[in-house]
Structures are given as C-alpha cells and as structure tokens.
Amino acid sequence: MTKDQIRAVVLDVIAQIVPDEDLTNLKGDVRIRDQVEMDSMDFLDIIMELRKRYGIEVPEDDYIQLATLDGAVAYLAPRMAHL
Amino acid sequence: MIDERRIVITGIGLTAPNGNNLAEFRENLLAGKAGVGKIETHYMGEVLAGVCHFDPLKYQKKKELRRGTRAGSIAIYCAQEAIADSGLNFTQLDKSRIGVYLGITEHGNVETENEIYALKQYNYDVKYWSHHHNPRTVANNPAGEITLNMGITGPHYTLGAACAAGNIGLIHGLQMLLLDEVDLALAGGVSESIHTFGVFASFKNEGALASHPDPHKACRPFDRDRNGIVVSEGGCVCVLERLSDALKRSARIYGEIVGYAINSDALDFILPNAQRQAECMNLALKKAGLSAGDIDIISTHATGTQQGDLQECQAIRGVFNNASHTYANNTKSFIGHTMGAAGALELAGNLPSFNDHMVHSTINIDNLDPQCAIQNLVINKPIKVDKIDHIMNNSFGMLGINSVVIVKRFGA
C-alpha cells in the first residue's frame, strides 16, 4: 500500500468509528481526538479494525504514534507496504 | 391519603411491534392489528418474532448506536418519548433527583452470542473479542444508557425479574418516590431478546415456542390450539411522580398506581402456580383497599403456552368469581411476549380505557379453550363499557416471580 492508500484506510476506519463526524477537513498534524469526538474506547476500535482488516498488531507502547493522522500513516507505512 | 404519598403516571414512552407511541399502539390494539413477523436468527434460520420499528436516530447519534446495545437504544427512545409526553421542561429539572428503573428479563445474551458468533471467523482467537463487551453486557446497561444520553445523574439500575420485570420496574419507581430518594422516576421495562438465538432455542426445546403459518396468528392465548410463546422486543418507560408535584404543574395524569404486589411461587423453575398468582392479585387488591369487583379490566399475562394460560385462568377464577363487571383481555395476542417490557407495555396499552371506555380484546381465538373460558374475556373484538375506574395488570415470570399492579383512573 502507498502512503495515500494507508491514509484513506485510516480515514475510513475513523469514519466508521465516528460516523456522525465530517472528516473532510481533518488536519494531519493535529491530534485526532482534538478534532473529533473520540474517547479511549473509540481509539481502541482503530487498533481493533487494523487487526481485523489487515492483521496489523499495534503494541500499546506505540499507540501514541497513532495520535495524529500523519503519525498513523508514517507508523503504518512500513507495516502495510506489503499489502 | 396525602398527595405526597400518591404516585401518578404522567408520561408514557413506548415502542411495540405494532406501534411506536401510545396513540398508535392503542389504535392498533382496538383495531385488532397484530405485529408479529419473521426474522432470521443465528443457527435456527427463520423464527417468528415481534420487531419494533422506531427510529433510533430520533434521539441517538450514529456513534451512540454503535457503542451501545439494542436494549439501550429502546430504553433511550422510550425515556425520551416519556419525558416529551409528560410536558415536563426537562432542561429545568434537577437531574440528580431523577431515577431510572428498568425491568429486564435478561441482558447481555445478545452481545455475548454475537461476539462468539463473530469470533468464529477468527478461529476463536480472543484478541478479536470486543473491548466494548463489558459495558454492553453489564446488567445496568439499558438504564445507564438513558442516563448517558439524557444527562441524568440520579440513580439508575435494572431490575432482573424474568417476565414480571416491567411491572416491577414501575413498582420500584413508585417505592423510590415514596422513600423520597428521587422526585421523578423513569420506570418500566425493556427487552432486546429477539436478537439472541438462545431464547428461541430454549423455548423451542421446552416445547414452548409458538408456530403458525400466519405470524400474526401465532400468539393465541386461551385458544384451544395455542402452542407457545412468540418472542418480541419492546420497551415502555413511564414518568412517575408524586401527585402533589403533578398537580402543581397541571400535568395530564394517566392514572394513579394504587395497588401492587410481588410474591414468589417457591415451587418450580418454569411452571407457574395458580395459588400464588391468586395470592399476588389479592395482595395487590388489599394494598389498594379494593375488592375484586372494583376491577374493571384485568390485563392478563397469558403467553399462549398450554400450562401457563391454564394457571392464570384458574387464579383469576378464584379471585374474581363474583366479579360480574370485570373484563379480561390480553396484549400478547397482538405483539407476542415483549419479555422485560411486557408488564409496563401491556399496562400502558390499557390506560386509555379510562377515557375512551373501550376494552381492547384478546385476538386470535378461533376455538376458546373451555378451561380458559374466564368470565367476561373480551374475545377478538373490543367492547365499550360504561366506565373504567380500575385496571389490574398481571405479569409473571420464571423462577416463580409474580407481580401485579393496579392503576386507578384519576378522579375516580
């Protein structure tokens, strides 16, 4: 997957988790939870969806790297390059 | 009795398989319109069930729906509708003085079954088990979802009481008002049971799951050929408050809860008992200071099982043998068994009788079982009577729990 494709995947997962939110103007370098109504349980849904859809395991210590959209794409790029 | 010690119903929110508010529900009960259909369930294929068709997005965001349970969604819809119906200015109420008390038959089976079903595709690897499972399956979930949705900070919990639970939600709400624990109670019952295959499978293996080529005719209490229960979802939440508060704000009063009783058979896991049911009805009459002849409508519990219906009919005969003006009806014949919601929902459908003087019927009786031929059973068509002052609502459940609520027309 390319970085653009990964970004689209992450946005799709977020859209599923916060279906009432408009993600059109979601900024890549600002914490996702500061831009949309999302709590820790919702965040865990991102982890779960990545596991279910792509078999990606994100260790708890790495959760912080998925705090922003840009951070998530950078973190996932090497792990999803083969997909 | 002083007005502070009298508890009245001033708002009703409900969803039933044949109506999403009291007016619609009542209209269909009087029109003989049932609400049973067919659904697909895991492992069993097609089963008969009563499905509610309210719009959950009327009061919830999509995200709330995703996070919560069906029981929670039903509960929120009913609670919001009840508040809207009551005419209360909700924003100005002290939310710490509102209590939420919901009867449930069971809770958590739906989520657990669905999680296990979904886990199969991951070869039962529990790392795919939802982190939402615990908050969805805790027993207070449906009541708690109401508080989250409405910002209520008073007490909330559910009351597990099998199929007697709807009545018991109402009784508990009344008791909390009398104890001055709250100033307003959102009380009633909910059920999401049609979304669990286990309830259907268990009834089927007990020989107690109804079948009929026409789903609307499947639930037929008191009919000779009745063959079991139709499982349904549903909910009913009532706004209960002290009469003094209701009068202060010139509220519309549906009725006053003047009598109630809860007792236990102490005999069997499943089979009901006529003697204990009769004792429960008599206890409620005594608490209300009424005699059997004062009751105008008995809203029966009968579910359409061979043995259960007989027991209740025997109990009613024992209590009401000299009550020539007491009519009996049954709501499950229209909507099936809404389990934890049944008590509250079946009572609510009868409350308009105080004003329209109509007694809705029990439908689907083609051949009345002679053993169920209780006096003044209203069969297949509603009847008009001169006055309705008192309604007795029966609700009984497994493990031998019986509950009876008596509501009086306000001003009678």
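Located above this text is the structure these notes cover.
Residues numbered from 1 in each chain as written. Chains lettered and ligands numbered in written order. Predicted model: local features only at pLDDT ≥ 70, side-chain atom pairs only at ≥ 80, totals over all residues. Heavy atoms only, no water.

Give me the overall build of chain A: which residues, what numbers.
In terms of helices and strands, chain A carries 4 helices and 0 strands. From first element to last, N terminus to C terminus, chain A shows the α and β order α-α-α-α. Principal-axis analysis of the C-alpha atoms places the extent of chain A at approximately 30 × 25 × 20 Å. Among the 83 residues that make up chain A, the fraction classed as buried is 45%. Restricting to contacts in chain A with at least 6 residues of sequence separation, those with at least 24 account for 51%. Accessible surface computed for chain A: about 4,400 Å², of which carbon and sulfur atoms make up 47%. Taking the 9 positively charged and 17 negatively charged side chains of chain A as two groups, their mean positions are separated by 5 Å. (Helix = DSSP H or I, 4+ residues; strand = E, 2+ residues; numbered from the N terminus. Buried < 20%, exposed > 50% of the residue type's maximum accessible area, 1.4 Å probe, protein only. Contact = heavy atoms within 4.5 Å. Areas by Shrake-Rupley, 256 points an atom, 1.4 Å probe, with all protein chains shown as cover. Lys, Arg positive; Asp, Glu negative; His and termini not counted. Charge placed at Lys NZ, Arg CZ, Asp CG, Glu CD.)

Residue-level account of the environment of L29 of chain B, with values.
All names here are of chain B. In this fold, L29 is placed in helix α1 (residues 22-31). On the basis of relative accessible area, L29 is assigned to the buried category, the value being 0%. Expressed as a C-alpha distance, the spacing of L29 and T331, which sit 302 residues apart in the sequence, is 7.7 Å. Those residues in contact with L29 that lie beyond four places of it in its chain are N18, T331, F334, G349 and H360.

Outline the sheet that holds strand β7 (residues 231-232) of chain B, supporting the account with residue identities and numerical values.
If you trace the 3 strands from one edge of the open sheet to the other, you get β2-β3-β7 (chain B), paired in mixed fashion. Strands with a single pairing partner mark the edges of an open sheet, and in this sheet they are β2 (36-41) and β7 of chain B. (Pairing = 2+ DSSP bridges.)

Just give me the short version of the side chain of E113 of chain B, but keep the residues and values in it.
All names here are of chain B. One can find E113 in helix α4 (residues 109-119). Buried within the structure, E113 lacks any salt-bridge partner; K120 is the closest side chain of opposite charge, at an N-O distance of 14 Å. A distance of 2.6 Å separates the side chain of E113 from the side chain of T196, its partner in a polar contact. Sequence-distant contacts of E113, defined by excluding residues within four places in its chain, comprise H195, T196, F197 and G198. (Salt bridge = Lys/Arg side-chain N within 4 Å of Asp/Glu carboxyl O. Polar contact = N/O pair within 3.5 Å; in protein donor to acceptor, adjacent residues only side chain to side chain.)

Quick rundown of the interface of chain B and chain A? Include the residues and the values.
Residue-level contacts link 13 residues of chain B with 16 residues of chain A. For the chain B face of the interface with chain A, the top three residues by lost area are K63, R66 and H131 of chain B, together amounting to 43%. In this structure, the connection of chain B to chain A is made through 7 salt bridges. Where D42 of chain A meets K63 of chain B, a salt bridge forms, and the shortest distance between an N and an O atom there is 2.7 Å. Taken together, chain B and chain A are joined by 15 residue pairs in polar contact (both at pLDDT 80 or more). It is helix α2 (residues 62-67) of chain B that contributes the most residues to the side of chain B that touches chain A, 4 residues altogether. In terms of residue class, the side of chain B that touches chain A is made up of 4 nonpolar, 3 polar and 6 charged. (Buried area = accessible area lost by both parts, 1.4 Å probe. Nonpolar A, V, L, I, M, F, W, Y, C, P; charged D, E, K, R; others polar.)

Which residues make up the pairing of strand β3 (residues 45-50) of chain B, and what values do they have?
All names here are of chain B. As judged from the 6 bridges shared by β2 and β3, these two strands associate in the antiparallel manner. Bridge assignment links V36 to a residue of β3, and that residue is G50. Between the end of β2 and the start of β3, which pair antiparallel, lie 3 residues, with Y43 showing a positive phi angle near 70 degrees. Pairing of β3 with β7 involves 2 bridges; the strand directions are parallel.

Quick one: what's the story with a nonpolar patch on the surface, residue by residue and with numbers?
A contiguous nonpolar surface patch, about 410 Å² in accessible area, is contributed by F269, I270, L271 and L399 of chain B. With respect to the helices and strands, the residue I270 of chain B is situated in the loop between β9 (255-264) and α10 (274-288). (Patch = residues over 30% accessible without salt bridge, like charges linked within 9 Å, V, L, I, M, F, W, Y side chains within 5 Å.)

Could you give an account of α4 of chain B, naming the residues involved and the relevant values?
For α4 of chain B, the complete set of buried residues consists of V110, E111, E113, E115 and L119 of chain B. The elements touched by buried residues of α4 of chain B are α5 (133-137) and α8 (197-206) of chain B.

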